[in-house]
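Working through the structure, step by step
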Amino acid sequence: MSSILRVFGVDPGLQATGWALVAQEGQRFEARWGLIKPKRSGSVEQRLGELMEGLSTAIRSQRPHVVAVERPFVKEDVRAAMALGQAQAAAFIAAARHGLEVAEYAPREIKHRVAGDGGAEKAAMAQLLYMELALPELPEPSDAADALAVAYCHLLSQRLAMTAAPQP
């Protein structure tokens, strides 16, 4: 009897946060994804509250075992880095509300693990996920596709860790 691993992936953003669930049982995958878009007219606090509540609702309905979050990467725009960090914190709090561990992955690490190329383009990643997970359609929008890649990256990381672990 094989066990099921359910990973909830998050691509954090203050304007839009993508989420995805990837469940694996043996060689079979199941995937769902969505997008949380807080009201742009709201204050930062209101938008973060909407993100946290939206993620908490999605986590509750999807029942994952673990949450995987993309680590923000911003070159020089401090304001953008702060906004992404705040959205990431909302994801951490939503996971903590449900007693779930959080794994973080850098964008290049996700691309390398999923596509074998740390510089892979978003469209190529979406196409690869479509084929690898036997999805009924290409994952859209891009924030949700990125969240799907984060979740799948964690599954691949767990598989690699299991094969590298010494066998009794």
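That block above? That's the structure.
What you see is a predicted model; the values in this text were computed from it and never measured. (Residues numbered from 1 in each chain as written. Predicted model: local features only at pLDDT ≥ 70, side-chain atom pairs only at ≥ 80, totals over all residues. Heavy atoms only, no water.)

Our focus in this paragraph is helix α4 (residues 122-132). Residues Met-125, Ala-126 and Leu-129 constitute the buried set of α4. One side of α4 holds all its buried residues, which, seen down the axis, span an arc of 100 degrees. Facing away from the buried surface of α4 by more than 90 degrees, the exposed residues are Ala-123 and Met-131. Immediately beyond the C-terminal end of α4, within one or two residues, lies Ala-134, with a positive phi of roughly 50 degrees. (Buried < 20%, exposed > 50% of the residue type's maximum accessible area, 1.4 Å probe, protein only. Helix = DSSP H or I, 4+ residues; strand = E, 2+ residues; numbered from the N terminus. Arc of directions from axis to C-beta.)

Below, the discussion takes up the nonpolar core. Ranked by size, the top nonpolar core spans 26 residues in total, and within it Val-22, Ile-110, Val-114, Leu-129, Leu-133, Leu-148 and Tyr-152 carry the most contacts. When residues of this core are traced back to their parent elements, those giving at least two are β2 (17-25), β3 (28-36), β4 (66-70), β5 (101-105), α3 (107-115), α4 and α5 (142-164). Ranked by residues supplied to this core, first place goes to α5 with ten residues. Ignoring sequence-local partners within four residues, the contact set of Leu-129 consists of Val-114, Ala-134, Leu-135, Ala-145, Leu-148, Ala-149 and Tyr-152. (Core = buried A, V, L, I, M, F, W, Y, C linked by side-chain atoms within 4.5 Å. Contact = heavy atoms within 4.5 Å.)

The five strands are arranged β3-β2-β1-β4-β5 in an open sheet whose pairing can be described as mixed. Only two strands of the sheet have a single partner each, and these edge strands are β3 and β5. Adjacent strand axes in the sheet meet at a mean angle of 20 degrees when their direction is disregarded. The strands touched by helix α2 (residues 78-97) are β1 (4-11), β4 and β5; relative to β4, the strand with the most contacts, the crossing angle is about 175 degrees. (Pairing = 2+ DSSP bridges. Axes fitted to C-alpha atoms, helices over the stretch in contact; angles between N-to-C directions.)

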